[in-house]
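# Understanding the architecture of this molecule
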Amino acid sequence: MADFDAIYPDETEIEENIEETHVTLVPDPIIVRGAGNMTVFGLSNRFNCEFPSGLQSRVAPEEYQATVARINSVLKKTLPVNVKWLFCGCVCCCCTLGCSLWPVICLSKRTQHSLNKLLEWENSRLYNKLGLRWRLTKQHCDSSSMMEYVLLIEFIPKIPIYRPD
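Each value, and the rule that gives it
- Residues take numbers from 1 onward in each chain, read along the sequence in its written order.
- At least 70 in pLDDT is required for a residue's local features to be given in this predicted model, at least 80 for side-chain atom pairs to be given and counted, and no such filter applies to totals for whole chains, interfaces and linings, which use all residues.
- The side-chain numbers reported here are obtained from all heavy atoms of the structure, hydrogens and water having been left aside.
- UniProt positions are given in the numbering used here, feature names are shortened, and annotations may be inferred rather than shown by experiment.
- In this description a helix means any DSSP run of H or I spanning at least four residues, a strand means any run of E spanning at least two, and both kinds are numbered starting from the N terminus.
- Orientation is described by lines fitted to C-alpha atoms, with helices fitted over the stretch in contact, and by angles between N-to-C directions that extend from 0 to 180 degrees.
- By the definition adopted for this analysis, an angle is roughly parallel if under 35 degrees, roughly antiparallel if over 145, roughly perpendicular if from 65 to 115, and oblique otherwise.
- Whenever Lys or Arg places a side-chain nitrogen within 4 Å of a carboxyl oxygen from Asp or Glu, that contact is recorded as a salt bridge.
- The classification of residues rests on relative accessible area computed with a 1.4 Å probe and restricted to protein chains. Under 20% of the type maximum is buried, over 50% is exposed, and intermediate values are partly exposed.
- Two strands are counted as paired when DSSP detects at least two bridges linking them.
- Contacts: residue pairs with any heavy atoms within 4.5 Å of one another.

## Some remarks on the UniProt feature "transmembrane region" (unreviewed entry) in the protein
Mapped onto this structure's residue numbering, the UniProt feature "transmembrane region" (unreviewed entry) falls at residues 85–105. A helix fraction of 71% and a strand fraction of 0% characterise residues 85–105, whose end C-alpha atoms lie 9 Å from each other.

## Some points on the packing of helix α2 (residues 61–91) against helix α4 (residues 102–127)
Where α2 meets α4, the axes come as close as 9 Å, and the angle between the chain directions of the two elements is 170°. Comparing their axes, α4 and α2 come out roughly antiparallel.

## As for the pattern of salt bridges
Here the structure, examined in full by the defined rule, presents 6 salt bridges. Residues Arg 33 and Glu 148 are paired through a salt bridge, measuring 2.5 Å at the closest nitrogen-oxygen approach. Here Arg 33, found in the loop between β1 (30–32) and β2 (39–40), pairs with Glu 148, found in strand β5 (residues 147–155); they are 115 residues apart in sequence, far enough to count as distant. With relative accessibility at 27%, the residue Arg 33 sits in the partly exposed group. With a closest N to O distance of 3.0 Å, Glu 122 and Arg 125 form a salt bridge. Here Arg 125 and Glu 122 lie together in helix α4, a separation of 3 residues that amounts to about one turn. Given the relative accessible area of 30%, Arg 125 is considered partly exposed.

## A look at the sheet that holds strand β4 (residues 132–140)
The strands making up a sheet associate through hydrogen bonds between their backbones, and the pairing can be parallel or antiparallel. One open sheet accounts for 3 strands, arranged β1-β5-β4; its pairing is antiparallel. Where the open sheet ends on each side, the last strands, each with one partner, are β1 and β4. In this sheet, adjacent strand axes meet at a mean angle of 30° when their direction is disregarded. Relative to β5, β1 is paired through 3 bridges, and the arrangement is antiparallel. The residue bridging Ile 31 from the neighbouring strand is Leu 152, located in β5. Packed on one face of the sheet, α2 meets β1, β4 and β5 and runs near 50° to β4.

Next up, the structure:
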């Protein structure tokens, strides 16, 4: 009768709780800010080609500089046109009730889209294989509440594959 009040643990519960847990530490992403002297709608006219120390032993400095050079070439082609349209839009803004600024906004979106396509190509070609992902994202500027576009280089955690025997 003494066993009537005893509580025995269920063996199926114990076996379910013995799963392997993997904790992967991922370093903070690397932020590459614009280094140009002109910014249109938060997009700088060039990014710095200086190799960040956080990418050492992950990417060759030549590959990093080639990627940033491709990004800068896209910006070099598109931003002067955006500035001309912005100037024309500001001059004609009173007459058109602000509608003359729409071409600049569309051109800026097109520039962002072409940069995102370039970064997708770079990621699929090289960086995803190295466990990295480049993205163009908006962030607050350090000195003010304005937003700017920055290159964010994220580290992709390697997910271990669990194969039960």
